[in-house]
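# A structural walkthrough
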Amino acid sequence: MEDLNKFRKSADQILRLMYLVFFVFIIIAGFLVYLLVDPSFSAFKKNDSEENYISIQNQEVEDFDKIENGIHVRTGFVEGEGLQLVVNNCTSCHSAKLVTQNRMSKEQWSATIRWMQETQNLWDLGQNEEAILTYLATHYAPKKGGRRQNLSDIEWYDLEQ
Amino acid sequence: MQRRKFVKKGVLISLSTLLGAEIVYGKNLPMGYELLGLQDPDPFKMFDKDSQMVVLNDKPWNIEAQAHLLDDKITPNRYMFIRNNGIIPSNTSVDDWTLSFDGESVYEKKTFSLKDLKSKFKQYTYQLTLECGGNGRSEFDPPAKGNQWTVGAVSCAEWTGIRLRDVLEDVGIKSDAVYIGYHAVDTHLSGDPKKEPISRGVPISKALQDETLLAFKMNGEEIPLAHGYPLRLIAGGWPASASGKWLKGISVRNKVHDGTKMTGTAYRVPCEPVAPGEKVADENMCIIESMPVKSLITYPKSGAVINEGKSLKIRGHAWAGELSAEKVEYSIDFGSSWKECSLETPANRLAWQHFSADLRFPKKGYYEVWARATDSNGVAQPMVLPGWNPKGYLNNACHRIAIKVS
């Protein structure tokens, strides 16, 4: 009987010790997780004012993909189906201006993509390729210019002589 | 407090997404600070260009002049077009800048410091016309792929440097040398360090000309970064792409240089003329060498309204690649009749020449003034687009300005 009591007592002790170890472990783990998220404990420092964050946020994040008068403001691309795919795939190496100043048929746009894949490190566009080609061939198709066009966009001014 | 932290973290993550990189010390960002990577760079300030210059592309930077901006006899930096294939280098430390010569046709590789080049060889100064091979591409029909230059991708600045020939003689080249190709430190648009954005060159005969320079000054000052600081190869009269910027190496080749943009459709045109839009096999494409005869009316600016009875003074420049311009004529009746302008001789070979004329108009109305130069071989500029080619090179159709007499 005494042996049994002794055993229960030591079992209780072990259990309490295990609770303690577990509790300490939880605290350390919790602390480490916090350290990962905020290594400089900046949440406990009182040197920030509310306005900081608002001003940055207003400046840069608002309307990042704003469309105005049918034009994607940030890039100058025409609004249309496939626009985001084109923005994401076609403007990481070169400017959108290299696209928007050109006019090509679907076949030529396709050949241009192949050339970029073969020589310029463009990735495989996968199933997005068709949508990208359709967007380009729709909004940036060739226009007939003939052998010589009229002078256009003339700004008339009085010449002082 | 916690909410604010959360908002801040959210903003930093969004900013990071915009930049495509983590903002490592984002927590320390001061109030209202705009990250450099997000600022819209002002190219006119950055490159010291006039605000009337036209930006065709901002990655890579490609900027052209307008005809009336090119009125100076020697083009100042502020009106000089910028053409880039890759990213302009940011680290051009001039103190340890070297130029290496290698390739099949040197006896052994030789490297010079920039200081040695400047002190060891005699220096020369020339006015040299540099025109982009694709100047005028915007007029092509069917359209040609690439930057849509109108008329402003041409300049004639004063370049100071040493003769490439003198240095090649010092290096010692074998008799089988055919071509030289340049290597530079600009980076490929994809960021791939193994890729050269452009590595073109010229036949050895062009490399050995008096006017082919390793230049370190433009208009008496250090070359602006966008134009090749601290060392640039200058091969006047040829597509400006042959004049490599940020020069680090010259390969002397025993065959036609095969660097980036020497093959395929780049700076090559059909050897035999083709119909507009025709497909051309690779083996039927030939490398552009000398640029064709061309001229530009730089005064007045197109759109001038003048009073009836007044005469109009016009002026501009004419150039002809390897050749010189023999005469420049103007027409006010859409090419039906031509009158000769007065034309100056070039300051030196490969410099553009200045022309001027005094025009009278018979009655009120709308006119176009056309200018047409003829080179020393008797070849004149066409009035319409010349031979179509897949990449839209060599458009030397005569320049036109609009005038109203009221």
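Scroll up for the structure.
Quick look at the structure, then. From a predicted model like this one, the values you see are computed outputs, not experimental measurements.

## Here we look at the overall build of chain A
Scanning chain A from N- to C-terminus turns up six helices and three strands. The N-to-C order of helical and strand elements in chain A reads α-α-β-β-α-α-α-α-β. For chain A, restricting intrachain contacts to residue pairs at least 6 apart in sequence, the fraction spanning at least 24 positions comes to 48%. Entry remark: accessible area of chain A is about 11500 Å², with carbon and sulfur atoms responsible for 58%.

## Let's talk about empty space enclosed by the protein
All names here are of chain B. Within the structure shown, the criterion is met by four cavities of 30 Å³ or more. Along its surface, the largest cavity is lined by 24 residues, and Arg 83, Arg 232, Ala 240, Ser 243 and Lys 245 are the ones closest to its centre. Contributing elements (two or more residues each) for the lining of the largest cavity: strand 3 (82-83), strand 7 (154-163) and strand 8 (179-184). A breakdown of the residues in the lining of the largest cavity according to their chemical character gives twelve nonpolar, eight polar and four charged.

## Details of the sheet that holds strand 17 (residues 304-306) of chain B
With mixed pairing, the six strands of this open sheet are ordered in space as 3(A)-17(B)-24(B)-23(B)-19(B)-20(B). Looking at which strands have only one partner, the edges of the open sheet turn out to be strand 3 (157-158) of chain A together with strand 20 (339-340) of chain B. As paired strands, strand 17 of chain B and strand 24 (residues 399-405) of chain B are joined by three bridges and run parallel to one another. Across the sheet, B:Ala304 pairs through a bridge with B:Ile403, a residue of strand 24 of chain B.

## A closer look at the packing of aromatic side chains
Counting across every chain of the model gives 13 aromatic pairs over all chains. For the ring pair B:Phe101 and B:Phe112, a centre distance of 5.8 Å and an interplane angle of 90° mean the geometry is edge-to-face. Within this pair, whereas B:Phe101 is found in strand 4 (residues 98-102), its partner B:Phe112 is found in strand 5 (residues 110-113), the two being separated by eleven residues in sequence. On the basis of relative accessible area, B:Phe112 is assigned to the buried category, the value being 2%. Seen from their ring centres, B:Phe361 and B:Tyr367 are 4.7 Å apart, and the 50° between their planes marks the pair as tilted. This pair shows no difference in class: B:Phe361 is buried, exactly as B:Tyr367 is. Taken together through their ring pairs, the aromatic side chains of A:Phe77, A:Tyr135 and A:Tyr140 make up a single cluster. The ring of B:Tyr124 has B:Arg163 sitting right over it, with the charged end atom 3.6 Å from the ring centre. One residue, B:Lys248, lies across the ring of B:Trp97, its end atom 4.5 Å from the ring centre.

## Things to note about the packing of helix 5 (residues 106-119) of chain A against helix 6 (residues 128-139) of chain A
Residue and element names in this part refer to chain A. For the pair helix 5 and helix 6, the least separation of the axes is 9 Å and the interaxial angle reads 130°. Regarding the angle of helix 5 to helix 6, the classification is oblique. At the point where helix 5 passes helix 6, the crossing takes the right-handed sense. Contact residues: helix 5 offers Lys 106, Trp 109, Ser 110, Ile 113, Arg 114 and Gln 117, while helix 6 offers Glu 129, Glu 130, Ile 132, Leu 133, Thr 134, Leu 136 and Ala 137.

## Focus: helix 6 of chain A
Residue and element names in this part refer to chain A. Between its terminal C-alpha atoms helix 6 stretches 17 Å, which fits the 16 Å expected from twelve residues at 1.5 Å a residue. Inspection of helix 6 places Glu 129, Ile 132, Leu 133, Tyr 135, Leu 136 and Ala 137 among the buried residues, and these make up the whole buried set. Contacts made by the buried residues of helix 6 are with helix 3 (83-90), helix 4 (97-100) and helix 5.

## Considering the nonpolar core
The nonpolar side chains of a soluble globular protein tend to be buried with one another. Residue and element names in this part refer to chain B. Judged by nonpolar contacts, the single largest core of 55 residues is most densely connected at Phe 101, Leu 164, Val 167, Ile 180, Leu 214 and Leu 231. In terms of residue count, helix 4 (residues 164-171) provides more of this core than any other element does, four residues in total. Apart from the residues lying within four places of it in its own chain, the contact partners of Leu 214 are Leu 99, Phe 101, Gly 161, Ile 162, Leu 164, Val 167, Leu 231, Arg 232, Leu 233 and Leu 247. In terms of nonpolar packing, the next biggest core, distinct from the first, is built from 25 residues, Val 328, Ile 332, Leu 359 and Ala 373 among them.

## Brief notes about the state of the cysteines
Under the definition given, this model contains one disulfide over all chains. Here A:Cys90 stays free of any disulfide, with the sulfur of A:Cys93 as its closest cysteine sulfur at 10 Å. Counting only cysteine sulfurs, B:Cys341 is the nearest neighbor of B:Cys398, a cysteine outside any disulfide, at a range of 12 Å.

## Side note on the packing of helix 3 of chain A against helix 6 of chain A
All names here are of chain A. Taken N-terminus to C-terminus, the directions of helix 3 and helix 6 make an angle of 105°; their axes are 9 Å apart at the nearest point. If you check the angle between helix 3 and helix 6, you find them roughly perpendicular. The segment helix 3 lies against helix 6, with Leu 83, Leu 85, Val 86, Asn 89 and Cys 90 engaging Asn 128, Ala 131, Ile 132, Tyr 135 and Leu 136. Of the residues in the contact of helix 3 with helix 6, the class split is eight nonpolar, two polar and no charged.

Rules and cut-offs
- Residue indices follow the written sequence of each chain, beginning from 1 at its first position.
- All chains are assigned letters beginning with A, and all ligands numbers beginning with 1, in the order in which they are written.
- Owing to the predicted nature of the model, reporting of local features is limited to residues with pLDDT of at least 70; listing and counting of side-chain atom pairs is limited to 80 or more, with chain, interface and lining totals taken over all residues.
- In computing side-chain values, all of the structure's heavy atoms are included and hydrogens and water are not.
- In this description a helix means any DSSP run of H or I spanning at least four residues, a strand means any run of E spanning at least two, and both kinds are numbered starting from the N terminus.
- Residue contacts are counted whenever heavy atoms from the two residues lie within 4.5 Å of one another.
- Per-residue accessibility takes into account occlusion by the displayed protein chains alone, with areas from the Shrake-Rupley method and a 1.4 Å probe.
- In the cavity and pocket records, a cavity denotes points on a 1 Å grid over the protein atoms alone where a 1.4 Å probe fits but cannot get out, a pocket denotes an open set with protein on both sides within 12 Å along at least 5 of 7 lines, and lining residues are residues with an atom within 4 Å of a point.
- Grid points are joined across faces, edges and corners, and a volume is the space filled by probe spheres set on the points.
- By the convention adopted, Pro, Cys, Tyr, Trp, Phe, Met, Ile, Leu, Val and Ala count as nonpolar, Lys, Arg, Asp and Glu as charged, and the other residues, Gly among them, as polar.
- A pair of strands is labelled paired if DSSP reports no fewer than 2 bridges between them.
- Only Phe, Tyr and Trp rings are paired, with Trp represented by its six-membered ring, and only when their centres lie within 6.5 Å; those with planes under 30 degrees apart are stacked, over 60 edge-to-face, the remainder tilted.
- The buried label applies to any residue whose accessible area, calculated with a 1.4 Å probe on protein chains only, is under 20% of its type's maximum; exposed applies above 50%, and partly exposed to all values in between.
- We call a charge positioned over a ring when the NZ of a Lys or the CZ of an Arg lies within 6 Å of the ring centre and within 35 degrees of the ring normal.
- Axis definition: a line fitted to C-alpha atoms, limited for helices to the stretch in contact. Angles are taken between N-to-C directions and run from 0 to 180 degrees.
- Note on terminology: angles under 35 degrees are roughly parallel, angles over 145 are roughly antiparallel, angles of 65 to 115 are roughly perpendicular, and the others are oblique.
- Each crossing is labelled by how the near helix is turned from the far one, with a counterclockwise turn of less than a right angle marking it left-handed and a clockwise turn marking it right-handed.
- A helix is expected to span 1.5 Å for every residue after the first.
- Note on terminology: a nonpolar core comprises buried Ala, Val, Leu, Ile, Met, Phe, Trp, Tyr and Cys residues joined through side-chain atoms within 4.5 Å.
- Two cysteine sulfurs form what is called a disulfide whenever their separation falls within 2.5 Å.

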